[in-house]
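Take a look at the letters that make up each chain.
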Amino acid sequence: MNYDFFMPGQTIFGWGRRDELPRCVLRYSARAWIVSGSQTLNSNGVLDDIFAGLKLAEIEATLLTTIRHEPEVRDVDDVTATLLASAPAENDVIIAIGGGSAIDLAKAVAAMAKNREGESVADYLEGVGRGLRIKRAPLPVIAVPTTAGTGSEATKNAVLSSYDPPFKKSLRSELMVPKCVLWDPELTVSCPPHVTAQSGMDAITQLIESYISRWAQPIPQALVRSAFAGAMCSIEKAVAEPGDRSAREQMAFAAFLSGVSLANSGLGLAHGVAAALGSIARVPHGLACAMMLPSALKANREVKERELGPLARAALHQLTGDDDAVAALIERIYELLDRLKIPRRLSDVGVTEAMIPALVQGSHGNSLSGNPRDISDEELMQILKEML
Ligand SMILES: [Zn+2]
């Protein structure tokens, strides 16, 4: 058995532990820039508290930007230019406080601040760029997630969008894994219900897709087994009772491990299509993944029944055979989507039949290539048409 495994250098997990941020920063520098992602954070005083804590520790902290949408190529270019105007030193820190958008933006800016061969981050993107590579270590990134979903705090890529031309592609390098993750599940309490639902389903999709990926690995699989049942049981409670500590902790744990797992093992069909749904129909990432998950499971169940069976039995507390357990899992996910008010039909999120050829085309990329079996364009077209 051969495998490699990587994850962030330091993980600090626990309710209320955001106070420990200054200590993390000081390992690297006494100067930091903050990329913030959420309006809620600004309005509920969390960001003010964080600035006050940093100031008390004599850290010079500046708010670099606040992002409220999934990051675009031009966001990275603009924010990098702003940062470089302040001439950051070798080990100055970028702190990302927010959901996947803020963390991805911070990771991309930290990388671009040190890698200046291109004119734009677009030159470095997979599939669409000029093939430039990240050769120098980015500025150290400390990720402080405020949503339990993308797992970006643990991954080596930043997903960037463009709408003209439309694409959603990754900037990727093992050097981009955040140096430190400070995971305080209490920060997710102010997350609105629909964001909790969609990002939680993203994490569940990432757990499943990385578990059965073509490149699945034993350590990430062990992590998925330890997080999956807890996420399946907790997601509804986290939405219905936002202050429930146990549910928030389970979802934070699942989201973080889903990031560790996907960074090592890759993803599959649902994430491949979600990228296209994002750039062509502007469907938010978590929503797109949630909607695609049942179809991805149906498309892969025959080849991955032996892996999925035990995972499904543990989550559903069933003692049935693999085939029945996987069928029950798919049914349970449909039920979850209904209860979380996530639509089943693509037409409900603005997808039209005319978009399907472009969606099929746009689904090819790193995620889809991790799917456990090849999916032809004809099959993908069929799957999408059935979901209209
Ligand atoms: Zn995802």
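Rules behind the numbers
Residues numbered from 1 in each chain as written. Predicted model: local features only at pLDDT ≥ 70, side-chain atom pairs only at ≥ 80, totals over all residues. Heavy atoms only, no water. Helix = DSSP H or I, 4+ residues; strand = E, 2+ residues; numbered from the N terminus. Buried < 20%, exposed > 50% of the residue type's maximum accessible area, 1.4 Å probe, protein only. Contact = heavy atoms within 4.5 Å. Areas by Shrake-Rupley, 256 points an atom, 1.4 Å probe, with all protein chains shown as cover. Lys, Arg positive; Asp, Glu negative; His and termini not counted. Charge placed at Lys NZ, Arg CZ, Asp CG, Glu CD. Domains from an automatic or database assignment. Buried area = accessible area lost by both parts, 1.4 Å probe. Salt bridge = Lys/Arg side-chain N within 4 Å of Asp/Glu carboxyl O. Polar contact = N/O pair within 3.5 Å; in protein donor to acceptor, adjacent residues only side chain to side chain. Nonpolar A, V, L, I, M, F, W, Y, C, P; charged D, E, K, R; others polar. Axes fitted to C-alpha atoms, helices over the stretch in contact; angles between N-to-C directions. Parallel < 35°, antiparallel > 145°, perpendicular 65-115°, else oblique. Left-handed = near helix turned anticlockwise from the far one by under 90°. Donors = N, O, S within 2.8 Å, 3.2 Å for Na, K, Ca; no water. Tetrahedral: all angles 85-135°; square planar, octahedral: opposite > 155°, others 65-115°. Arc of directions from axis to C-beta. Expected span 1.5 Å × (residues − 1). Disulfide = S-S within 2.5 Å.

The helix and strand inventory of the chain stands at 14 helices and 8 strands. Seen along its three principal axes, the alpha-carbon backbone of the chain occupies a region of about 60 × 45 × 45 Å. Within the chain, the fraction of its 388 residues that count as buried is 56%. Sequence-distant contacts, at least 24 apart, represent 78% of the contacts inside the chain between residues at least 6 apart. Carbon and sulfur atoms make up 49% of the accessible area of the chain, which totals about 15,700 Å². Across the chain, the 38 positively charged side chains and the 46 negatively charged ones have centroids separated by 2 Å.

With that out of the way, let us pick up the domain arrangement of the chain. Domain assignment breaks the chain into domain 1 (10-187) and domain 2 (192-387). One C-alpha centre belongs to domain 1, the other to domain 2; they are set 25 Å apart. Residue-level contacts link 24 residues of domain 1 with 29 residues of domain 2. Both faces combined, the contact of domain 1 with domain 2 buries some 2,000 Å², and carbon together with sulfur accounts for 65% of it. For domain 1, the biggest contributors to the area lost against domain 2 are W15, Y163 and K168; these three give 27% of the whole. Counting the contacts that link domain 1 with domain 2 gives 0 salt bridges. Viewed at the interface, domain 2 and domain 1 are joined by 7 residue pairs in polar contact (both at pLDDT 80 or more). Listing elements by their share of the side of domain 1 that touches domain 2, those giving two or more residues are strand 1 (10-13), strand 6 (157-163), strand 7 (166-172) and strand 8 (180-183). A total of 5 residues in the side of domain 1 that touches domain 2 trace back to one element, the largest contributor, which is strand 7. Across the side of domain 1 that touches domain 2, the residue classes break down as 10 nonpolar, 7 polar and 7 charged.

Another aspect to go through is the packing of helix 10 (residues 285-316) against helix 11 (residues 322-339). Closest axis-to-axis distance for the helix 10/helix 11 pair is 7 Å, and the angle between their directions is 125 degrees. On the basis of the axis angle, helix 10 is oblique to helix 11. Helix 11 is crossed by helix 10, and the crossing has right-handed handedness. Residue composition of the contact of helix 10 with helix 11, by class: 17 nonpolar, 1 polar and 8 charged.

This next bit is on the pattern of salt bridges. If the charged atoms of two oppositely charged side chains come close together, the side chains can form a pair. If you walk through the whole model with that rule in mind, you get 24 salt bridges. Here K304 and E307 are joined by a salt bridge, their closest N and O atoms 3.5 Å apart. Taken together, the residues K304 and E307, both in helix 10 and 3 residues apart, mark about one turn of the helix. The class of K304 is buried, set by a relative accessible area of 17%. The partly exposed category is assigned to E307, whose relative accessible area is 26%. When salt bridges that share partners are traced, they join E236, R332, E335 and R339 into one network.

Here we come to the coordination of the zinc ion. Distances from the zinc ion to its protein donors, namely D202 (OD), Q206 (OE1), H271 (NE2) and H285 (NE2), fall within the range 2.1 Å. One can describe the site at the zinc ion as irregular: its 4 donor atoms subtend angles covering 87 to 149 degrees at the metal. Donor residues for the zinc ion sit on one chain with the sequence pattern D-x3-Q-x64-H-x13-H. Of this pair, Q206 sits in helix 6 (residues 193-212) while H285 sits in helix 10; the two residues are 79 residues apart in sequence, bridging distant segments of the chain. There is no split in this pair, since Q206 and H285 are both buried.

Moving on, we get to helix 14 (residues 377-387). The complete set of buried residues in helix 14 reads L380, I383, L384 and M387. Here the buried residues of helix 14 occupy an arc of 90 degrees about the axis, which is enough to place them on one side. In this structure, helix 14 carries E378 and E386 as exposed residues pointing more than 90 degrees from its buried face.

Another aspect to go through is helix 6. What sets the pattern is the α-helix's 3.6 residues per turn: residues three or four places apart point alike. The first and last C-alpha atoms of helix 6 sit 29 Å apart over 20 residues, in line with the 28 Å expected at 1.5 Å per residue. Of all 20 residues in helix 6, 17 are buried, a share of seventy percent or more.

Attention shifts here to the environment of M251. Locating M251 in the fold gives a position in helix 8 (residues 245-265). By relative accessible area, M251 is classed as buried at 4%. Sequence-wise, M251 and A113 are 138 residues apart; in three dimensions their C-alpha atoms are separated by 33 Å. Here M251 is in contact with A148, G200, A231, S234, I235 and A238, once residues within four sequence places are set aside.

As a further point, take the state of the cysteines. Inspection of the entire model under this criterion finds 0 disulfides. Free of any disulfide, C24 has its nearest neighbouring cysteine sulfur in C180, separated by 3.8 Å. A disulfide-free cysteine, C289 has its sulfur positioned 16 Å from the sulfur of C191, the nearest such atom.

With that out of the way, let us pick up the side chain of E209. Residue position: E209 is located in helix 6. R214 provides the closest opposite charge to the buried, salt-bridge-free E209, at an N-O distance of 11 Å. Excluding residues that lie within four positions of it along the chain, E209 makes contacts with G266, L267, G268, L269, A270, H271 and A296.

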